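Each chain, letter by letter, is given below.
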Amino acid sequence: MAQTIGFIGLGNMGGPMAANLVGAGHAVRGFDLVPASLDAARAAGVAVAGSALEAAEGADIVVTMLPAGQHVVEVWTQLTGAVPAGTLLIDSSTVDVESARRAHALAEARGCPSIDAPVSGGTGGAKAATLTFMAGGSAEAFARAEPVLKAMGRSVFHCGAAGAGQAAKICNNMILGISMIGVCEAFALGEKLGLSRQALFDVASVSSGQCWSLTTYCPVPGPVPTSPANTDYRPGFAAGLMLKDLRLAQAAAASAGAATPLGAEAAQLYALFNALGHGAEDFSGIIRMLRGSEAG
Ligand code: NAD
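Since the structure is predicted, the reported quantities are computational estimates derived from the model, not experimental observations.

Quick word on helix α11 (residues 239-256)
Link 1 in the chain: Counted at 1.5 Å a residue, the expected span for α11 with its 18 residues is 26 Å, and the 25 Å between its end C-alpha atoms agrees.
Link 2 in the chain: Within the sequence span of α11, burial applies to A239, M242, L243, D245, L246, L248, A249 and A253.
Link 3 in the chain: The inward-facing, buried residues of α11 abut α8 (164-192) and α12 (261-278).
Link 4 in the chain: In the stretch just after α11, G257 is the one whose phi turns positive, near 75 degrees.

Shown next as structure tokens:
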């Protein structure tokens, strides 16, 4: 069913996501602080608004896709001061679990159903409408959100109550950060031992070392031709975003009292990699820092 949707945050992810909602037949009104993002959205068929509240006016559903928790709480504070009760609010940004829960509480106080629905799949997935959504919130809110999320993604999971989507996202990305470092260390050691990259890949990809960081996103050039290692670590998934997600996982672990020693180590290694000026490179490029050389 065609809906009227407000979309706030039309950046690298939000721009193509809003365009896919237009493509699915929804009436989309969007807002962003950056004029170039508004121009791109207009060209994709999004009606451009002059403010977040104007984008939300008359909307059945409002989606936010913003940089971090503080932006989401700020925009949802505005929204929940103005939209009618019953408006469905969806946040797809990656934010800390605490901010996600604060946003849900604002919505609840207004009588608005709400969902935290962060994504995995990157800008390629946003353009191709193949994102994975992991959602937290009530069953009723999820049932209303699901068809709209499906217009922007391929897989949509209901992970539990408020904040569960963000929890799933940071746990998944903590596995990814740790496993990528593990795979990088194995290749760096194999190289020192005179083992060819292909031989290590052939064995580990069908043995107990098998994982996504190895078989889909291999951090050395050669074995997986589509991995960023073959294009001098052009992202892909930027190291700066991996650091953001690892820090969110660490903050959540501290407040929940969970021991995550390898998550902490991965966050430190990505902090160092970013501090050395590699934040815009693909996160698999950390192999160059780990082996202590720039050799491809
Ligand atoms: P981005 O910086 O390209 O886009 C964010 C947009 O929000 C910007 O255009 C900015 O101008 C806008 N914005 C900020 N404050 C605003 C406000 N008050 N009102 C209106 N607009 C405002 O970032 P992105 O890459 O699109 O990522 C968005 C979110 O998705 C982040 O939380 C990120 O962690 C997450 N994410 C990104 C990727 C990726 O590969 N880029 C993958 C998964 C998840």
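Observations concerning the nonpolar core
Link 1 in the chain: Counting residues in hydrophobic clusters, the biggest one holds 36 residues, and the most contacted among them are F187, L214, M242, L246, Y270, F283 and I286.
Link 2 in the chain: Discounting residues that sit within four places of it in the chain, M242 has contacts with N173, L176, G177, F237, Y270 and F283.
Link 3 in the chain: In this structure, M13, I61, M65 and A141 belong to the second largest nonpolar core, which totals 31 residues.

Quick look at helix α9 (residues 197-204)
Link 1 in the chain: Listed in full, the buried residues belonging to α9 are L200, F201 and A204. An end-on view of α9 places all buried positions within 100 degrees of arc, on one side of the element.
Link 2 in the chain: In this structure, the buried side of α9 is in contact with α8 and α10 (212-215).

Notes on the site of the ligand
Link 1 in the chain: Neighbouring the ligand are 21 residues, the closest being N12, M13, D32, L66 and K244.
Link 2 in the chain: With respect to the ligand, the side chain of D32 contributes an N or O atom lying 2.6 Å from an oxygen atom.
Link 3 in the chain: Between L66 and the ligand, the recorded distance is 3.0 Å, taken from a backbone N or O atom to an oxygen atom.
Link 4 in the chain: Bound to the protein, the ligand loses 85% of the 830 Å² it would expose on its own.
Link 5 in the chain: Of all the secondary-structure elements, those providing two or more residues to the shell around the ligand are α6 (122-128) and α11.

Examining the pattern of salt bridges
Link 1 in the chain: Taken as a whole and judged by the stated rule, the model has six salt bridges.
Link 2 in the chain: One salt bridge connects R42 with D39, and the closest N-O pair in it is separated by 3.1 Å. Placement of both R42 and D39 in helix α2 (residues 35-43) is noted, with a separation of three residues, approximately one turn of the helix.
Link 3 in the chain: Shared partners join several salt bridges into a network, and the residues in it are E191, R197 and R291.

Details of the side chain of S205
Link 1 in the chain: Its place among the elements puts S205 in the loop between α9 and α10.
Link 2 in the chain: Polar side-chain contacts of S205 include one of 2.7 Å to the backbone oxygen of F201.
Link 3 in the chain: S205 has contacts with L200, Q210, L214 and T215, leaving out every residue within four places of it along the chain.

Topic: the environment of S255
Link 1 in the chain: Residue placement: S255 occurs in helix α11.
Link 2 in the chain: For the pair S255 and G136, spaced 119 residues apart in sequence, the C-alpha separation works out to 19 Å.

Notes on the packing of α8 against α9
A pair of packed helices is characterised by two quantities: the angle between their axes and the separation of those axes.
Link 1 in the chain: Interaxial distance between α8 and α9 falls to 9 Å at its minimum, and their mutual angle equals 130 degrees. Between α8 and α9, the interaxial angle falls into the category oblique. Regarding α8 and α9, the two cross each other, and that crossing is right-handed. Listed contacts from α9 to A186, F187 and E191 of α8 are R197, L200 and F201.
Link 2 in the chain: For the contact of α8 with α9, the class distribution of residues is four nonpolar, no polar and two charged.

Basis of the calculations
- Each chain has its residues counted from 1, running along the sequence as written.
- Totals for whole chains, interfaces and linings use all residues, but because this is a predicted model, local features are given only for residues with pLDDT of at least 70 and pairs of side-chain atoms are given and counted only at 80 or more.
- Only hydrogens and water are set aside; all other atoms, that is, all heavy atoms of the structure, feed into the side-chain values.
- Going along the chain from the N terminus, every DSSP run of H or I of four or more residues is numbered as a helix, and every run of E of two or more is numbered as a strand.
- What a helix should span is 1.5 Å times the count of its residues minus one.
- Classification of residues uses two cut-offs on accessible area relative to the type maximum, computed with a 1.4 Å probe and protein chains only: under 20% is buried, over 50% is exposed, and between them is partly exposed.
- By the convention used here, residues are in contact when the closest approach between their heavy atoms is within 4.5 Å.
- What makes a nonpolar core is a set of buried Ala, Val, Leu, Ile, Met, Phe, Trp, Tyr and Cys residues whose side-chain atoms join them at distances within 4.5 Å.
- Our arc is simply the arc of the directions from the helix axis toward the C-beta atoms.
- For each residue, the test is whether any non-hydrogen atom lies within 4 Å of the molecule or strand; if one does, the residue is near.
- We call two N or O atoms a polar contact when they sit within 3.5 Å, provided that within protein one can donate a hydrogen and the other can accept it, with sequence-adjacent residues counted only if both atoms are side-chain atoms.
- Here the Shrake-Rupley method, with its probe set to 1.4 Å, supplies the accessible areas, and only the displayed protein chains count as covering residues.
- Take a side-chain nitrogen of Lys or Arg and a carboxyl oxygen of Asp or Glu: if they are within 4 Å of each other, that pair is a salt bridge.
- For every element, the axis is a line fit to its C-alpha atoms; helices are fit only across the contacting stretch, and the angle between N-to-C directions ranges from 0 to 180 degrees.
- An angle counts as roughly parallel when it lies under 35 degrees, as roughly antiparallel when it exceeds 145, as roughly perpendicular when it falls between 65 and 115, and as oblique in every other case.
- A clockwise turn of the near helix away from the far one marks a right-handed crossing, whereas an anticlockwise turn of less than a right angle marks a left-handed crossing.
- Each residue is assigned to one of three groups, with Ala, Val, Leu, Ile, Met, Phe, Trp, Tyr, Cys and Pro labelled nonpolar, Asp, Glu, Lys and Arg labelled charged, and all others, Gly among them, labelled polar.

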